[in-house]
Amino acid sequence: MDKKRKNPARRQLAQAKQENTKGERATIFISYSHAARNHMLVFRRHLEGMLFGKADVWSDQAIPRGEKWEPVLLAGLKQAHAALILVTPDYLSSQWCRRELSLIAMMMNNKETTMKKAFWVHVEPSGWRGTELAPFQSWNTDEPLTTISDGNKRERAIVKICESIADEMDEVRRDLDSDFRFVQQVIRDRSIEKGLVVDSPISEEQGAFATVCRGRRNTEDVAIKVLRRAPTDNLTKEFYDHAEGRRPLGHPCFIKLLDYFPVDTGYEKYTVLVEEFMPGNVSRLEHCLAKGKFSIDQVATALRRAAEALKEFHDHEELGQKDKTYGLLTPKLVYYDKRSAKLLLPAVGVSNFLWHTMGWKRLAAWGDGDRNAAAYIAPEHEKNEKITAKTDQYMLGQLAFEMLEGKLPFNIRSPAEVHRKKEFWANPEGTVKKTVKGKVNWPRAHQAFAHIIFKMLKEHPNERWNDFAEVVERLRTMEDEHRALAKRTYEGLVEYHFRLRDNEKFFLTFYDALFKKVPGVLAKFPKIESADNKANNLLAKKLQAKALMGAMVSVLNFRASNEPTSLSNIVETHRQLKITSEEVDAFRVVFLDTLRKKLPHRMDAPMREDIVRAWDDLFSPVVEYFKEELTRVK
């Protein structure tokens, strides 16, 4: 008999990895319109009873009083393992509900998210065909619940639907169970000492080297990572030295390592990492890129903050001497915080450790590592030249290029294909199309920003910026120049006798153009629409123009990461007016159009375009913030 089979620790751990018995609590999210609240309560009551002790039922009623409901609701949805959608005409016509539905559909199509099942119930007769509902499991599509006149029959139909959902949730629980029980079992003997509690698996975080669960360390939310297939078996001490050396990194762009420790289960040795937990508004950059390109404003802000973090890394005496570079920067390893336009870099990661210890060729060739590692090397890696802090410049510059383009201009899956990258190294500007859908590309539209990025991407390190301090300064200057130019236009271009402040004629022209472009928006300004004669109409428009002139000061001083922002009160006013996202987009287009036409003709063309571009950049985060805040109302 195999002596190892007698080892109880081994047997328990094997059961934790493989058993499909009950253990982990799955979550089902109920998506509904508030007009169908009574129906939601009925389904919730039945499901809570049927799933008691086995799964959680989540709806917006779980949001604590006083909390900002939107981030809590989105976090609840993004962490859910299944969704129940109660379909009514109000649901299908609600912007917020359709946003929830689109997110559910996206999660169902992405195997790396937590969402495993999606169900929908036809509550009221609705035109659901042609919507995102088609691929989801459904009941009663031909007989909506409200068309069943017999109350007992309707109640029995609801019970039957809930029983079917409960059966499906058992399957979801079985899928989740092994990861949860594995992590729970590994840290069992250290949990009290370390103050750790395991809550639930984080499906999208399961990678080549770690099983990841959400948990708590005393009172703070954390991510608990167990390196399950230790590529570091013979390098454990080196890995601990690597982790200890990077723990001091304190810049907000670094995902902090809170603790790390070894565990010997008697069957196998593991390393456990405890990191700060990423909230619901943070996603892997690769997931964000799947939705499309980033705006210049987003990339400029994110790039500057990441450069500040890497400056701190290189200024750290021990790290600068030991590691030379931060290491691998790929969309798979980097995260993006949408609310603050910030890239988040793991302070400690297995892929980056192996990048330093094994070299890029071995890591890129390793089947279940980061297979795209070869696509992110700098020229000096391929040429076996000296690696310096300037190598990180290249790595960050290429990441910014990918964010702006939505993808890299080459596809490399192994070290043997690196030759495809040499054209990019020689001339990265040449890989960008001159026009996209009739518009000039970002390098031509934003030459100062393009210059910063392309200098970071120079093939020869000595042609890049001197250090990250210079990169940060250049990016700050660019951000300040755009804002300063917009402010100067508002306060007055003395040499051209032009200014926007107190320029009543400009704002009246703007409103006339806006009402012409979007006629329906006029009804949302009742004082203008109801004016009983031409004089009163003009007076009402002048008052509105004066209000907008004042609001421009808030636009000029807006910073998305500061809550409450300079625009918080203005957003609330527009929410009450029921302004839509489409109308916000129209506002931006018409304002820039009016500005382009009203700038003095004696001003040379490059100056005119610089001013319009400065206001365009200024409006980018403002419009995004407006649209996000306005959709918070169901």
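To start, this report covers the structure provided alongside it. Every value quoted in this text rests on a predicted model; they were computed, and no experiment measured them.

The rules behind these values
- Residues numbered from 1 in each chain as written.
- Predicted model: local features only at pLDDT ≥ 70, side-chain atom pairs only at ≥ 80, totals over all residues.
- Heavy atoms only, no water.
- Helix = DSSP H or I, 4+ residues; strand = E, 2+ residues; numbered from the N terminus.
- Buried < 20%, exposed > 50% of the residue type's maximum accessible area, 1.4 Å probe, protein only.
- Contact = heavy atoms within 4.5 Å.
- Areas by Shrake-Rupley, 256 points an atom, 1.4 Å probe, with all protein chains shown as cover.
- Phe/Tyr/Trp six-rings, centres within 6.5 Å; stacked < 30°, edge-to-face > 60°.
- Salt bridge = Lys/Arg side-chain N within 4 Å of Asp/Glu carboxyl O.
- Pairing = 2+ DSSP bridges.
- Polar contact = N/O pair within 3.5 Å; in protein donor to acceptor, adjacent residues only side chain to side chain.
- Expected span 1.5 Å × (residues − 1).
- Axes fitted to C-alpha atoms, helices over the stretch in contact; angles between N-to-C directions.
- Parallel < 35°, antiparallel > 145°, perpendicular 65-115°, else oblique.
- Left-handed = near helix turned anticlockwise from the far one by under 90°.
- Nonpolar A, V, L, I, M, F, W, Y, C, P; charged D, E, K, R; others polar.
- Arc of directions from axis to C-beta.

### Concerning the overall build of the protein
Along the backbone of the protein there are 25 helices and 16 strands. Within the protein, the fraction of its 634 residues that count as buried is 52%. Expressed as a percentage of contacts within the protein between residues at least 6 apart in sequence, the contacts between residues at least 24 apart total 69%. Carbon and sulfur atoms form 49% of the exposed surface of the protein, whose accessible area is close to 30,200 Å².

### Focus on unusual backbone geometry
Positive phi values are uncommon outside glycine, yet Asn384 reaches one of about 60°. Within the fold, Asn384 resides in the loop between α14 (379-382) and α15 (389-405). By relative accessible area, Asn384 is classed as exposed at 65%. Notably, Asp502 is not glycine yet its phi reads approximately 65°, a positive angle.

### Concerning the packing of aromatic side chains
This structure, assessed with the given rule, holds 24 aromatic pairs. A centroid spacing of 6.0 Å and a plane angle of 85° characterise the contact between Phe313 and Tyr326, whose relative ring orientation is edge-to-face. Of this pair, Phe313 sits in helix α10 (residues 296-315) while Tyr326 sits in the loop between α11 (317-322) and β13 (335-337), and the two are 13 residues apart along the sequence. Neither residue differs from the other here; Phe313 and Tyr326 are each classed as buried. Relative to Phe591, the ring of Phe510 has its centre 6.0 Å away and its plane inclined at 70°; by these criteria the two rings are edge-to-face. You can see Phe510 sitting in helix α20 (residues 504-517) and its partner Phe591 sitting in helix α24 (residues 581-598), a full 81 residues away along the chain. Members of the aromatic cluster, connected to one another through ring pairs, are Phe506, Phe507, Phe510, Tyr511, Phe515, Phe587, Phe591, Trp615 and Phe619.

### A closer look at the pattern of salt bridges
Under the definition given, this model contains 31 salt bridges. For Glu132, the salt bridge is made with Arg98, and the minimal N-O distance between the two is 3.2 Å. You can see Glu132 sitting in the loop between β4 (117-122) and β5 (137-139) and its partner Arg98 sitting in helix α5 (residues 95-109), a full 34 residues away along the chain. Overall, Arg98 belongs to the partly exposed group, its relative accessible area being 26%. The salt bridge involving Glu491 is made with Arg501; its shortest N-O contact spans 3.0 Å. One end of the pair, Glu491, is in helix α19 (residues 468-491); the other, Arg501, is in the loop between α19 and α20, with 10 residues separating them in the sequence. Under the relative-accessibility criterion, Glu491 is labelled partly exposed at 43%. Look at Arg501 and you get partly exposed, because its relative accessible area is 27%.

### Looking at the pairing of β4
Most of β4 is tucked away, with six of its six residues classed as buried. Taking every second residue as pointing to the same face, both faces of β4 are buried, with Lys117, Phe119 and Val121 on one and Ala118, Trp120 and His122 on the other. Alignment of strand β3 (residues 82-87) against β4, held across six bridges, turns out to be parallel. Bridge assignment links Ala82 to a residue of β4, and that residue is Lys117. Pairing of β4 with β5, which is carried by three bridges, proceeds in the parallel orientation. Of the residues in β5, the one forming a bridge with Phe119 is Gln137.

### Digging into the side chain of Glu275
Examined against the element boundaries, Glu275 turns out to sit in strand β11 (residues 269-276). For Glu275, the side chain forms a polar contact with the side chain of Lys225, separated by 3.2 Å. In this view, Glu275 contacts Val222, Ala223, Lys225, Ile255, Lys256, Leu257, Leu258 and Val348; residues no more than four positions away in its chain are not counted.

### Concerning α10
Here α10 contains 20 residues, and its C-alpha end-to-end distance of 28 Å stays within 8% of the 28 Å for a straight helix at 1.5 Å per residue. Counting buried positions along α10 yields 16 of 20 residues, so the element is predominantly enclosed.

### Focus on the packing of helix α18 (residues 447-456) against α19
α19 packs onto α18 with a crossing angle of 165° between their chain directions and a minimal axis gap of 10 Å. Between α18 and α19, the angle falls in the class roughly antiparallel. The crossing of α18 and α19 is left-handed. Seen from α18, the contacting residues are Ala448, Phe449, Ile452 and Met456; seen from α19, they are Val471, Arg474, Leu475 and Met478. Counted by class, the contact of α18 with α19 contains seven nonpolar, no polar and one charged residues.

### Some details on helix α23 (residues 568-576)
For α23, the full list of buried residues reads Ile570, Val571 and Arg575. Buried residues of α23 fall within an arc of 145° about the axis and therefore sit on the same side. Opposite its buried face, α23 presents the exposed residues Asn569 and Gln576, each directed more than 90 degrees away. Where α23 ends, the next residue or the one after it, Lys578, has phi of about 60°, a positive value.

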